[in-house]
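Coordinate analysis (summary)
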Amino acid sequence: QVQLVESGGGLVQAGGSLRLSCAASGRNFRAYTMGWFRQAPGKERDFVAVHTRSGGSTYYADSVKGRFAISRDNAKNTVYLQMNSLKPEDTAVYYCAAGGPWSGTYYTPDYWGQGTQVTVSS
């Protein structure tokens, strides 16, 4: 089992950047697919990005392609989400996720972090 703790959220002006971090605890970190989701008030939780097992591939939602980048540091048991050129519509609670299958089109995690708030002002 994996426990996930997100950090790095905050308030940023449109066009700015943030980097979210997700620290994982538990064994076999390298074996887990990991990703990020986000949820705005009153909306569904949406897929943002996924990094398949260590050394695997990355995939992004169309809304963030070219602006966001997911990466992982296995030595630190940490996954990151670099967010550039932020827009007000990126405002949401961002959740780190781990485990579960990547179907090739969708990611269904087994574990979730507590979330970190990202607010982008216009």
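Placed above this text is the structure.
Source: prediction; values computed, not measured.

Our focus in this paragraph is the environment of leucine 20. Along the chain, leucine 20 falls in strand S3 (residues 18-25). You can call leucine 20 buried: its relative accessible area is 0%. Taking the C-alpha atoms as reference points, leucine 20 and methionine 83, separated by 63 residues in sequence, lie 7.9 Å from one another. Filtering out sequence-adjacent residues up to four positions away, leucine 20 remains in contact with Ser7, Gly8, Gly9, Trp36, Val79, Tyr80, Leu81, Met83, Tyr94, Thr116 and Val118.

Once that is clear, we can look at the state of the cysteines. Under the definition given, this model contains one disulfide. Paired by a disulfide, cysteine 22 and cysteine 96 hold their sulfur atoms 2.1 Å apart. Around the S-S axis, the bridge from cysteine 22 to cysteine 96 shows a dihedral of about -85° and counts as left-handed. Residue cysteine 22 is found in strand S3, and its partner cysteine 96 is found in strand S9 (residues 92-98); the two are separated by 74 residues along the sequence. Note on cysteine 96: relative accessible area 0%, which makes it buried.

Before going further, it helps to spend a moment on the sheet that holds strand S7 (residues 68-73). Pairing is antiparallel in the open sheet, where four strands are placed in the order S1-S3-S8-S7. Bordering the open sheet on either side are strand S1 (3-7) and S7, each of which pairs with just one other strand. On average, adjacent strands in this sheet sit at an angle of 20° to one another, irrespective of strand direction. Relative to strand S8 (residues 78-83), S7 runs antiparallel, the two being bridged by six bridges. Within the sheet, the bridge partner assigned to serine 71 lies in S8 and is tyrosine 80.

Applying the stated criterion across every chain, the model contains six aromatic pairs. Residues tyrosine 32 and tyrosine 111 carry aromatic rings whose centres are separated by 6.1 Å and whose planes lie at 70° to one another, so their mutual orientation is edge-to-face. Of this pair, tyrosine 32 sits in the loop between S3 and strand S4 (34-39) while tyrosine 111 sits in strand S10 (residues 111-112); the two residues are 79 residues apart in sequence, bridging distant segments of the chain. A residue is classified by how much of its surface remains accessible, and tyrosine 32, at 17% relative accessible area, is buried. Here the aromatic residues Phe37, Phe47, Tyr59, Trp102, Tyr107 and Trp112 are joined through ring pairs into a cluster of three or more. In this arrangement the basic side chain of arginine 45 is found over the ring face of tyrosine 95, its NZ or CZ atom lying 3.8 Å from the centre. Taking the ring centre of tryptophan 112 as reference, the NZ or CZ of arginine 45 above it sits at 4.6 Å.

Rules used in this analysis
Residues numbered from 1 in each chain as written. Predicted model: local features only at pLDDT ≥ 70, side-chain atom pairs only at ≥ 80, totals over all residues. Heavy atoms only, no water. Helix = DSSP H or I, 4+ residues; strand = E, 2+ residues; numbered from the N terminus. Buried < 20%, exposed > 50% of the residue type's maximum accessible area, 1.4 Å probe, protein only. Contact = heavy atoms within 4.5 Å. Disulfide = S-S within 2.5 Å. Pairing = 2+ DSSP bridges. Axes fitted to C-alpha atoms, helices over the stretch in contact; angles between N-to-C directions. Phe/Tyr/Trp six-rings, centres within 6.5 Å; stacked < 30°, edge-to-face > 60°. Lys NZ or Arg CZ within 6 Å of the ring centre and 35° of its normal.

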